[in-house]
Amino acid sequence: MKLPHEFYQLPYCFDVPKLIEEIEQFNEFDWISHHEGFQGNSAIPLISVNGEFNNDFKGPMRPTSVLDKCPYIQQILASFGEVLSRSRLMRLAPGAQVPLHSDINYHWYKRVRVHIPITTTEQVQFFCHDKQVHMGAGECWIFDSWKLHKVENNSDQYRVHLVVDLAGSSHFWQTIFQHSRSIVNDSDDFNCEFTSYKPNLTPSFKTEQFNAPVIMPVTEVEFLCNELITEIKGNTQNSAEEVHDFSSVLANFIADWRVLWSQFECNQAGWPHYHALREQVMGKALQCGKTLQLMYSGAAVKAFEQLVIVACMNIELREQQPPRNRALMPPSKSQPAPIPHKKDKEGESGQQVITAPLSRNSPCPCGSGKRYKACHGKVN
């Protein structure tokens, strides 16, 4: 999420010895290697899609079986009083780093990741844009994940953080902007509320159930595209001609998406039309926006793909629709509309009926052996 400053320390602190006691129950086999293969990066999911051990962003968030073993962490999660999304223990090995990157997908656009360090040293440094901090054990931090950031563990010890994803209520953001401390405004009178472990407390908390649209409403498509246009116009290093051409592609996409939305909304009959449009537009964006950069977050085309194109159609979530939208669709026994395919080697165009799985990380139903998101769920 974009923030006015790179880092904010929240006015909360936690019992480090108790947190260490809870994470020490896990052995090496409990830690899952990073899904993109980042060396020395591993995690244990605490809240995930369907409570399973996955790296998904879309779908109902539920506690994993691991969280049952962590009563104090449960109390910490509940203490925020917020609706929670993906949450996990994240570990960084001695001498390892989280590579420089920005979080520009749809999930992160309006969510922050709350960091609570459990084991750390002064040699662990968090970098965001042109700022850096050491997050002390037991403290509570958020940062601007839209900007390029990285973490370096230059110590001989494992760094472990409890991280909690959330969008935040008005109360949460009032706390951030009125009672937190940014490293730009380092106040000496900063006070933290200590959350102690309560042995007899059985906490409860809410988790996200709906976090991605089956078909994104045109108003949101327009908002996100206009945000990207503002970003590329704000980067004075971009070519004026390229900015103009890329902005035109996005403006045309908004107009054509509006026409489809007015005809189909989430109706299954519109799915192949939405899919064909986003593939067509992504191809144009790749051609005219090759060198465009956002202000602090990397390539504009990549952001457009992850923030808008991938996020605007999630038919694998169709069963989660509210009753109003489900009523617009054909009976569940009918097959989804065909997804258009490219021409085959013989030059003959064909269509294949593919039913989207419940998760984009699931095997593709076509039998290719690839994940759905890398096969029939891929936007070229």
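Remember, it's a predicted structure, so these values are computed and weren't measured experimentally.

### A look at the overall build of the protein
Then step 1. What the protein contains, in helices and strands, is 9 helices and 18 strands.
Then step 2. Sorting the 380 residues of the protein into buried and exposed places 51% on the buried side.
Then step 3. When the accessible surface of the protein is totalled, it reaches about 18,200 Å², and 50% of it is carbon and sulfur.

### Looking at the pattern of salt bridges
Then step 1. Across all of its chains, the model carries 12 salt bridges by this definition.
Then step 2. Here Lys131 makes a salt bridge to Glu6, at a shortest N to O gap of 3.8 Å. Taken together, the residues span a long stretch of sequence, with Lys131 in strand 10 (residues 131-133) and Glu6 in the segment before strand 1 (7-9) at a distance of 125 residues.
Then step 3. On the accessibility criterion, Lys131 (25% relative accessible area) is partly exposed.
Then step 4. When the shortest N-O distance is used, the salt bridge between Glu28 and Arg91 registers 2.7 Å. Of this pair, Glu28 sits in the loop between helix 1 (16-23) and strand 3 (32-33) while Arg91 sits in strand 6 (residues 83-92), and the two are 63 residues apart along the sequence.
Then step 5. In this structure Glu28 comes out as partly exposed when scored by relative accessible area, which is 48%.
Then step 6. The class for Arg91 is buried, based on a relative accessible area of 10%.
Then step 7. Here the salt bridges share partners, and the residues they tie into one network are Lys2, Glu227 and Glu231.

### Let's talk about the packing of helix 6 (residues 240-264) against helix 8 (residues 300-309)
Then step 1. Axis separation between helix 6 and helix 8 bottoms out at 13 Å; the angle between their running directions is 10°. Our classification of the angle between helix 6 and helix 8 gives roughly parallel. Contacts from Phe246, Leu250 and Phe253 of helix 6 reach helix 8 at Ala300, Val301, Phe304, Val308 and Ile309.
Then step 2. For the contact of helix 6 with helix 8, a count of residues per class yields 8 nonpolar, no polar and no charged.

### Focus on helix 4 (residues 170-179)
Then step 1. Within the sequence span of helix 4, burial applies to Phe172, Trp173, Thr175 and Ile176. Buried positions in helix 4, seen along its axis, are confined to an arc of 150° and lie on one side of it. Exposed and oriented more than 90 degrees from the buried face of helix 4 are Ser170, His171 and Gln178.
Then step 2. On the buried face of helix 4, the contacting elements are strand 1, strand 2 (12-14), strand 8 (112-119), strand 11 (141-143) and strand 13 (159-166).

### Notes on the environment of His161
Then step 1. Residue placement: His161 occurs in strand 13.
Then step 2. Given the relative accessible area of 2%, His161 is considered buried.
Then step 3. Sequence separation between His161 and Arg91 is 70 residues, and the spatial gap between their C-alpha atoms is 6.5 Å.
Then step 4. Apart from the residues within four sequence positions on either side, His161 is in contact with Arg88, Leu89, Met90, His115, Ile116, Pro117, Ile118 and Met135.

### Here's the deal with the confidence of the model for the protein
Then step 1. Confidence in the prediction for the protein averages 88 pLDDT; 84% of positions are at 70 or higher.
Then step 2. The low-confidence segment residues 324-353 (pLDDT under 50) makes 44 contacts with residues lying over four places distant or belonging to another chain.

### Observations concerning the packing of aromatic side chains
Then step 1. Summed over all chains, the structure comprises 16 aromatic pairs.
Then step 2. Ring centres of Phe7 and Phe126 lie 5.7 Å apart, and the angle between their planes is 85°; on these two criteria the pair is classed as edge-to-face. With Phe7 in strand 1 and Phe126 in strand 9 (residues 124-128), the pair connects residues that are 119 residues apart, well separated along the chain.
Then step 3. Under the relative-accessibility criterion, Phe7 is labelled buried at 0%.
Then step 4. Taking 6.1 Å as the distance between ring centres and 80° as the angle between the ring planes, the aromatic pair formed by Phe246 and Phe304 counts as edge-to-face. Separated by 58 residues along the polypeptide, Phe246 in helix 6 and Phe304 in helix 8 bring together distant segments of the chain. Both residues of the pair, Phe246 and Phe304, count as buried.
Then step 5. One aromatic cluster is present, built from ring pairs that chain together Phe246, Phe253, Trp257, Tyr274 and Phe304.
Then step 6. A cation over a ring is seen here: Arg86 above Phe57, with NZ or CZ 4.1 Å from the ring centre.
Then step 7. In this arrangement the basic side chain of Lys150 is found over the ring face of Phe127, its NZ or CZ atom lying 5.1 Å from the centre.

Rules and cut-offs
- Residues numbered from 1 in each chain as written.
- Predicted model: local features only at pLDDT ≥ 70, side-chain atom pairs only at ≥ 80, totals over all residues.
- Heavy atoms only, no water.
- Helix = DSSP H or I, 4+ residues; strand = E, 2+ residues; numbered from the N terminus.
- Buried < 20%, exposed > 50% of the residue type's maximum accessible area, 1.4 Å probe, protein only.
- Areas by Shrake-Rupley, 256 points an atom, 1.4 Å probe, with all protein chains shown as cover.
- Salt bridge = Lys/Arg side-chain N within 4 Å of Asp/Glu carboxyl O.
- Axes fitted to C-alpha atoms, helices over the stretch in contact; angles between N-to-C directions.
- Parallel < 35°, antiparallel > 145°, perpendicular 65-115°, else oblique.
- Contact = heavy atoms within 4.5 Å.
- Nonpolar A, V, L, I, M, F, W, Y, C, P; charged D, E, K, R; others polar.
- Arc of directions from axis to C-beta.
- pLDDT = per-residue confidence, 0-100.
- Phe/Tyr/Trp six-rings, centres within 6.5 Å; stacked < 30°, edge-to-face > 60°.
- Lys NZ or Arg CZ within 6 Å of the ring centre and 35° of its normal.

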